Amino acid sequence: MAEDKERSVLLPLVCDNALEGHKGETAVDLAVSKMGFIFRDQTSADYGVDATIEVTRTTDTGKRVATGRLIAVQVKSGDCAVRRTRYGYTLYCSRSHANYWLRHSLPVIVVYSHPKTERLFWTHITETSLRQTPKGFAIDFDDASELTVASEDLTKIAETGEFAPVVERSALLIPFDEGLGITISDEELGIACLEIAKSTNGSEIPSIEVELVGQAELIASIDAIRDMFAPTVDQRREALIRETILDRYERKAAQLKRAIEWFLKDPKLSRFIGFEDRKLAVAVRNLAGYFTYSHSNEAGTTALVAWPAVGRYEPSVVFDVSKAQMDDLYARSNMMKEIIKMGDAGGVVAFEVGEDAFVTRFLPALVRYLMNYADRMQIPDEDVLQCIGVEPDLWLLGLH
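Residues numbered from 1 in each chain as written. Predicted model: local features only at pLDDT ≥ 70, side-chain atom pairs only at ≥ 80, totals over all residues. Heavy atoms only, no water.

A.B. asks: Please clarify how the packing of helix α8 (residues 233-265) against helix α10 (residues 277-289) should be interpreted in this entry.
C.D. replies: A pair of packed helices is characterised by two quantities: the angle between their axes and the separation of those axes. Across the interface, α8 lies against α10 with an axial gap of 10 Å and an inter-helix angle of 145 degrees. Taken as a pair, α8 and α10 cross one another with a handedness that is right-handed. Between α8, through Leu256, Ala259, Ile260, Phe263 and Leu264, and α10, the contact on the second element is made entirely by Leu280, Ala283, Val284, Leu287 and Ala288. (Axes fitted to C-alpha atoms, helices over the stretch in contact; angles between N-to-C directions. Helix = DSSP H or I, 4+ residues; strand = E, 2+ residues; numbered from the N terminus. Left-handed = near helix turned anticlockwise from the far one by under 90°. Contact = heavy atoms within 4.5 Å.)

A.B. asks: Would you mind showing me how to read the sheet that holds strand β5 (residues 88-93) here?
C.D. replies: The strands making up a sheet associate through hydrogen bonds between their backbones, and the pairing can be parallel or antiparallel. With antiparallel pairing, the four strands of this open sheet are ordered in space as β4-β5-β9-β8. Across the chains shown, the open sheet's two edge strands, defined by having one partner strand only, are β4 (82-85) and β8 (130-133). The average angle at which neighbouring strand axes cross in this sheet is 35 degrees, direction not considered. Examined bridge by bridge, β4 and β5 share four bridges and lie antiparallel to one another. Of the residues in β5, the one forming a bridge with Thr85 is Gly88. Here helix α7 (residues 215-226) sits on the sheet in contact with β4, β5 and β8, set at roughly 65 degrees to β5. (Pairing = 2+ DSSP bridges.)

A.B. asks: Mind showing me how you'd approach the confidence of the model for the protein chain here?
C.D. replies: Do not read the fine detail of predicted coordinates wherever pLDDT is low. In this model, the protein chain carries an average pLDDT of 84, and 86% of its residues clear a pLDDT of 70 or more. The lowest-confidence element of the protein chain is helix α1 (residues 2-7), averaging 55 in pLDDT; the highest-confidence one is helix α13 (residues 355-377), averaging 94. (pLDDT = per-residue confidence, 0-100.)

A.B. asks: Quick question: what am I supposed to make of the environment of Leu173 here?
C.D. replies: You can see Leu173 is positioned in strand β10 (residues 171-177). Since its relative accessible area comes to 24%, Leu173 is described here as partly exposed. (Buried < 20%, exposed > 50% of the residue type's maximum accessible area, 1.4 Å probe, protein only.)

A.B. asks: Could you clarify how one ought to interpret a nonpolar patch on the surface in this entry?
C.D. replies: On the surface, Val349, Phe351 and Leu394 cluster together to form a nonpolar patch covering roughly 240 Å² of accessible area. Considering the arrangement of structural elements, one finds Val349 in strand β15 (residues 348-349). (Patch = residues over 30% accessible without salt bridge, like charges linked within 9 Å, V, L, I, M, F, W, Y side chains within 5 Å. Areas by Shrake-Rupley, 256 points an atom, 1.4 Å probe, with all protein chains shown as cover. Salt bridge = Lys/Arg side-chain N within 4 Å of Asp/Glu carboxyl O.)

A.B. asks: Looking at this model, I keep getting lost on the nonpolar core. Mind explaining?
C.D. replies: Within soluble globular proteins, side chains that are nonpolar generally end up buried alongside one another. Phe263, Leu264, Val284, Phe362, Trp395 and Leu397 are the most contacted members of the largest nonpolar core, which totals 72 residues. Beyond its immediate sequence surroundings of up to four residues, Trp395 is in contact with Ala306, Trp307, Pro308, Pro315, Val317, Val348, Val349, Ala350, Phe362, Leu366, Ile388 and Val390. Counting residues in each nonpolar core, the second largest holds 21 residues, with Val32, Phe37, Ala51 and Ile53 among its members. (Core = buried A, V, L, I, M, F, W, Y, C linked by side-chain atoms within 4.5 Å.)

A.B. asks: In this structure, what is going on with the side chain of Arg368? I would like to understand it.
C.D. replies: Structurally, Arg368 is set in helix α13. An unpaired buried charge is present at Arg368: no salt bridge exists, and Asp375, the closest side chain of opposite charge, is 6.2 Å distant. Among the polar contacts listed, one links the side chain of Arg368 to the side chain of Asn372, at a separation of 3.3 Å. Setting aside residues up to four positions removed in sequence, Arg368 forms contacts with Leu287, Tyr290 and Phe291. (Lys, Arg positive; Asp, Glu negative; His and termini not counted. Polar contact = N/O pair within 3.5 Å; in protein donor to acceptor, adjacent residues only side chain to side chain.)

A.B. asks: What exactly am I supposed to notice about the sheet that holds strand β14 (residues 317-321) here?
C.D. replies: Taken together, the four strands give an open sheet; going across it, the order is β14-β13-β16-β15, and neighbouring strands pair in antiparallel fashion. Looking at strand neighbours, the two that pair on one side only are β14 and β15, the edges of this open sheet. Sheet contacts for helix α11 (residues 323-330): β13 (302-307), β14 and β16 (396-399); angle to β14, the most-contacted strand, approximately 100 degrees. Helix-sheet contacts for α13 involve β13 and β14, and the interaxial angle to β14 is about 150 degrees.

Here you go:
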């Protein structure tokens, strides 16, 4: 009874964010101490700086002395504050935080303590390292940045204020609007996708990152609430709502990235991609259209269905072709017209639909349907077409 009564007593909740923050600062303290530098955490309320680092140096006699040269440090921990992006990891911050760091009397670095790997990524805050977004700023942590081996860079920053540059990685950033689809030009999208599709050296293939329009600002707004000393109940509720929206954004971005990478990098699909970058842009844009709110068949189009072979109707792929593409198919022969009208009782070879429709219409639809098939059958993406056993151009198609 006494134990039950004790369990019913209300006690303070332990905040996970506070624990993550403390773990991050402790990890930075340890890393700095191993360099022989001095870490001093900020015990009173802070507004964007958690601690200072004083660099030391070794004298000719081998003794280590304090130099009085300081660096201000902001430590970020956990998945809530920092997101994986094409730049490595990215922290989105408010304009007020950016101004505070830039106007600080000490040089400022921001350190990201990765919750799973426990690596410490870092960057020096300067006018050039802050990337402006529509509603604030972004700070990028390159994968190569590692605080534990940065003693020389920190010394340089403390003594001269010079920025320690990082090497940028090649990446294709695809901005995606849930209502409009991909929002960059066909020219930019096409040539970048063509470079990926035609790359033969795996180590040099640019990565693909999808960012939903409004995602950066959403992250920054969540982080601003989490940074508050005592957020109100309404603010905490708003943060939870925004985190739910952000989770949906990130799942959709991950699915679209998976689809585009599959289309461009699977040799069973990419072999059909020629060197017409504008045609490729149309294909990728059509693929992204399956992830928009407004995806539907275009007016005046004809719906076709494709399946692997006679007697094998799983998975079946429905896609639409334009009137001009359909007229071109019918013009080839009267027999072609009659066979395709038979639907899955007949069937013509998929490539007969014409190269343009095959690449820009059928292949994007095939990727989207194969993703669902792979998830349902629990088959790795790279093995799906091999398991089906029929090359995409040899699938059969008819009127839906």
